[in-house]
Amino acid sequence: MASSSSYKLRCSIPGHEMDVRGLAAAVFPDGAFVSVSRDRTGRVWVPNSSPDKGFTEMHCMSGHSNFVSCVCIIAPTETYPRGLVATGGNDHNICVFTLDQPQPLFTLQGHKNTVCTLSSGKFGTLLSGSWDTTAKVWLNEKCMMTLQGHSAAVWAVVILPEQGLMLSGSADKTIKLWKAGRCERTFTGHEDCVRGLAVISDIEFFSCSNDASIRRWMVSGECVQIYYSHTNYIYSLAVFPNSQDFVSTGEDRTLRIWRKGECSQTIRLPAQSVWCCCLLPNGDIAVGASDGIIRVFTEAEDRMASPEDLQAFEDELSKATIDPKTGDLGDIKMEDLPGREHLDEPGNRDGQTRLIKDGQKVEAYQWSVSDDRWMKIGDVVGGSNQQTSKTVMYEGKEYDYVFTIDVNEGGPSMKLPYNVSEDPWLTAHNFLQKNDLSPMFLDQVANFIIENTKGHVVGPAQPSGGDPFTGSGRYIPGASDGRTGFGADPFTGSGRYIPGSDATTGAPGGVADPFTGGGAYTSAATRQTATNIYFPKTDGVTFEQANATQIIAKLKELNDGAPQKHKLSEEVLESLDRLLVSVCGPSSSEQPPNLQQINLLWKASHWPEDIVFPVLDIMRLAVRHPQVNESLCGEEEGVQLCNHLLSLMRPEGRPANQMLALRTLCNCFSGRHGRALLLAQRETVLSRAADLAAVCNKNIHIALATLILNYAGCLHGQSDLEAKAQCLSVASTALESVQDKEAVFRLLVALGTTLASDHTAQDLARSLGVNSQISKYSSVSDPAKVGECCQLVLKELQ
């Protein structure tokens, strides 16, 4: 029957250039709300009096250097009677704005990774949650407390009405209740990441999760109700003033309205991810989605869009294409589908979907209780789970297939993404581990994949003898000893001692275990994994290549044209020449560098920035020498060296100086004084270095990746999670920009080294989504080392 209380479109606001990730109802003006987006902006929208019943942009806020992830309103005070707007971003910062200035009033810094959730409380308290696994409590522009206890990203936070009580929801599948900074209780029950929290009252709250369920909890610990209706991840919740009814949005393209514990209305949107929702004071619902459009829905007839606009929205929805391989519509057999006459029968509930065959097309319809009719929601492309003509998007990545696996009757189904280039057994193993399912199902799931991909199975590439860093051969037991590059180091190509390398034992044609020399031959046929020769990489990687003659010639050429006050005397040039020869030549035949030469090098490194690069090149080579390393990287001198190199690495600096400063820092790791200095200065050095990922320069990217790798090597085996989190974060950020395969490879080795044998670091990486970020490299075959190393990093994250 038709219902007067069903929601319909009020207006669509194409206000952002990228995904709308957060919404919040504003205190002022009446009926206004704030949106934030991946386009790095926040915008304030006010209702207008035009016939289209829409909203006008009143104010645009910009202060973040990366995506804006979340927003909340700080309640009005005497100082700010209109309230303040707080936004959190991928730049790790929280920006706080007034409603009339485009730039932040102030910025809160302290998180080590993306700030993805915010909540405000009484007396100006602000609670933030971050991918760095912590929540922080802020007051008067200062961090008062850090709430530590989650083992993965904190996706949701909320301040409860009772003073001092706070909630945090995490990718570790738990919710924690905090009182005065201490964890009072941990709520367990969700089977995947907790993505959203919403307060019902002093004693109750809702949570939503990637497990496609919504739960209602008592603060005392009991889960009193579980709601199922969504078919994919649920991202956000908002509670009506009656503290009973609520709305939710998710990855299944829907906004769902819940009344009296039941899903009373399902509104589909022409966008895959419906990221956020908020309730406006008049009861209207605003939602933000991955298409950059904000849509407002209302149940008030006088605010509903015109019939023409409602029809246009329905037409846009009907033109959507739905790929059955996402599994939301179940398995589809074209021959079993009914014709259009099936739409003459009414649906059983709002949001029910029905597929019909129209000639050679398959169309999807959804039942609308309020309109008492079937509405077309899209054309089904493919028509069967067996189609391979199109790729499917899942969690932001393209796959050849996304299967739906039903394990528990009545519970949410699970998604199994698969590419034909992957090993079905490894994919099955990962799927079982991710979903905490019994390994007994391994053969069953793997055979299901093989059967449903029509045999399109391409296993990992056969192990080759190529060195992963240099391309030269590496020793493989059973191969002829005449191979070039025997035992080559994978970073430098120089020979390294391999214990047992003179032994002839090992599996025929196998890859040698780099620690024992034993055979570890693997292939797709035996479904084992290739030996890991890539990480952990604990010895520093340095930049050794040098042509001393050319460096000195360039130095003299630039000196000839330098202003008189910067000219170096012949004695200084001669001294730098001798220093260069002594650090580049065979150590036994050359005089070691002396203190005077080192001091002259330090002074010359302060030459004007447009001509200093040959001096930096000499410094890069010199810091490898133990005496230079000790002199330049000692306690006081070392801080000066760091500051000088960091000043040359400014984003607006010269690329040659940026690259050579990075290479010098990398080479500092070759001595114990340099390592100690760089570990002490880690936070500053990595923060500045990370900015250079945005510079479009292959050599800078390789040097940056090497610096991160050297830090990862130094931190391997240590329990400094904050330091490892920064390594993971900087490596992850760099992978967003870096294209060069050698740089990508070194970043993958850095990730692998950070993760190897450290479960906490692995959990952190999972919570940061590192596996979905790097999985695109698993199929890279040119060079093969990128794909091989990526697969091994993914194995660490299983």
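Rules of the game
- Residues numbered from 1 in each chain as written.
- Predicted model: local features only at pLDDT ≥ 70, side-chain atom pairs only at ≥ 80, totals over all residues.
- Heavy atoms only, no water.
- Helix = DSSP H or I, 4+ residues; strand = E, 2+ residues; numbered from the N terminus.
- Buried < 20%, exposed > 50% of the residue type's maximum accessible area, 1.4 Å probe, protein only.
- Contact = heavy atoms within 4.5 Å.
- Areas by Shrake-Rupley, 256 points an atom, 1.4 Å probe, with all protein chains shown as cover.
- pLDDT = per-residue confidence, 0-100.
- Axes fitted to C-alpha atoms, helices over the stretch in contact; angles between N-to-C directions.
- Parallel < 35°, antiparallel > 145°, perpendicular 65-115°, else oblique.
- Left-handed = near helix turned anticlockwise from the far one by under 90°.
- Nonpolar A, V, L, I, M, F, W, Y, C, P; charged D, E, K, R; others polar.
- Polar contact = N/O pair within 3.5 Å; in protein donor to acceptor, adjacent residues only side chain to side chain.
- Pairing = 2+ DSSP bridges.
- Phe/Tyr/Trp six-rings, centres within 6.5 Å; stacked < 30°, edge-to-face > 60°.
- Disulfide = S-S within 2.5 Å.

(A) Geometry of the overall build of the protein. A count of helical and extended segments in the protein gives 18 helices and 36 strands. In the protein, buried positions account for 55% of the 798 residues. Contacts in the protein between residues at least 24 apart in sequence constitute 51% of all its contacts with a sequence separation of at least 6. In the structure as shown, the protein presents an accessible area of about 34300 Å², 49% of it carried by carbon and sulfur atoms.

(B) Spotlight on the confidence of the model for the protein. Per-residue confidence for the protein gives a mean pLDDT of 82, with 83% of residues at or over 70. Considering only residues more than four positions removed or in separate chains, one finds that residues 383-389, a stretch of pLDDT under 50, has 22 contacts. This stretch, residues 455-529, has a pLDDT under 50; its non-local contacts, to residues over four places away or in other chains, come to 139 contacts.

(C) Here's a closer look at the packing of helix 13 (residues 698-715) against helix 14 (residues 721-737). At their nearest, the axes of helix 13 and helix 14 sit 10 Å apart, and the two run at 160° to each other. Comparing the axis directions of helix 13 and helix 14 gives the class roughly antiparallel. Pair helix 13 / helix 14 crosses with left-handed handedness. For the pair formed by helix 13 and helix 14, the contact residues are His701, Leu704, Ile708, Tyr711, Ala712 and Leu715 on the first element and Ala723, Lys724, Cys727, Val730, Ala731, Ala734 and Ser737 on the second. Split into classes, the residues belonging to the contact of helix 13 with helix 14 amount to 10 nonpolar, two polar and one charged.

(D) Summary view of the environment of Asp245. Relative to the assigned elements, Asp245 resides in the loop between strand 22 (234-239) and strand 23 (246-250). Distance from Asp245 to Gly261, taken between C-alpha atoms, is 7.3 Å for residues 16 residues apart in sequence. With sequence-adjacent residues up to four places away left out, Asp245 is seen in contact with Val239, Phe240, Trp258, Arg259 and Lys260. Here Asn242 takes part through its side chain, which lies 2.9 Å from a polar atom of the side chain of Asp245. For Asp245, the side chain forms a polar contact with the main-chain nitrogen of Lys260, separated by 3.0 Å.

(E) Geometry of helix 6 (residues 595-604). For helix 6, the full list of buried residues reads Gln597, Ile598, Leu600, Leu601, Trp602 and Ala604. Where the residues of helix 6 are buried, they touch helix 5 (570-584), helix 7 (613-622), helix 8 (626-633) and helix 9 (635-648). Residue Asn594 occupies the N-cap position of helix 6, its side-chain oxygen lying 3.1 Å from the main-chain nitrogen of Gln596.

(F) Geometry of the sheet that holds strand 5 (residues 55-62). Strand order in the open sheet made by the four strands is 2-3-4-5, with antiparallel pairing throughout. Every other strand in the sheet has two partners, leaving strand 2 (20-25) and strand 5 as the edge strands with one partner each. Neighbouring strand axes in the sheet, compared pairwise and without regard to direction, differ in orientation by 25° on average. Looking at chain direction, strand 2 and strand 3 (residues 33-37) are connected through five bridges and run antiparallel. Along strand 3, the bridge assignment pairs Ala24 with Val34.

(G) Broad picture of the packing of helix 13 against helix 15 (residues 741-755). At their nearest, the axes of helix 13 and helix 15 sit 8 Å apart, and the two run at 15° to each other. Relative to helix 15, the element helix 13 is oriented roughly parallel. Helix 15 is crossed by helix 13, and the crossing has left-handed handedness. Packed against helix 13, whose contacting residues are His701, Ile702, Ala705, Thr706, Ile708, Leu709, Ala712 and Gly713, the element helix 15 presents Glu742, Ala743, Arg746, Leu747, Val749, Ala750, Thr753 and Thr754 at the interface.

(H) Structural view of the side chain of His111. Structurally, His111 can be placed in the loop between strand 9 (106-108) and strand 10 (115-120). Its relative accessible area of 6% is what places His111 among the buried residues. A distance of 2.6 Å separates the side chain of His111 from the side chain of Ser128, its partner in a polar contact. In this structure, His111 is in contact with His92, Ile94, Ser128, Gly129, Ser130, Asp132, Thr134, Ala135, Lys136 and Trp138, ignoring residues within four places of it in sequence.

(I) View of the packing of aromatic side chains. Scanning the entire structure with this criterion turns up 17 aromatic pairs. Taking 6.1 Å as the distance between ring centres and 65° as the angle between the ring planes, the aromatic pair formed by Phe297 and Phe313 counts as edge-to-face. Of this pair, Phe297 sits in strand 28 (residues 294-298) while Phe313 sits in helix 1 (residues 307-318), and the two are 16 residues apart along the sequence. Judged by relative accessible area, which is 1%, Phe297 ranks as buried. A network of ring pairs unites the aromatic residues Phe206, Tyr227, Phe246 and Trp258 as a single cluster.

(J) Geometry of the environment of Trp425. Along the polypeptide, Trp425 turns up in helix 2 (residues 424-434). Taking relative accessible area as the criterion, Trp425 reaches 15% and is therefore assigned buried. Along the chain, Trp425 and Ile449 lie 24 residues apart, while their C-alpha atoms are 8.8 Å from each other.

(K) Structural detail: unusual backbone geometry. Phe535 connects to Pro536 through a cis peptide bond whose omega is 5°. Here Pro536 shows up in the loop between helix 3 (442-452) and helix 4 (548-561). Here the amide bond leading from Asp782 into Pro783 is cis, since omega sits at 0°, within 30 degrees of zero. For Lys173, which is not glycine, the phi torsion reads 80° and is therefore positive. Following the sequence through the fold, Lys173 ends up in the loop between strand 15 (165-170) and strand 16 (175-179). Even without a glycine there, the phi angle at Ala212 is positive, about 70°. Tracing the backbone through its elements, the reader meets Ala212 in the loop between strand 19 (204-209) and strand 20 (213-218). Residue classification places Ala212 among the buried positions, given a relative accessible area of 5%.

(L) Examining the state of the cysteines more closely. If you walk through the whole model with that rule in mind, you get zero disulfides. Free cysteine: Cys790, not disulfide-bonded; nearest cysteine sulfur from Cys789 at 7.6 Å. Looking at Cys790, the relative accessible area reads 0%, which means it is buried.

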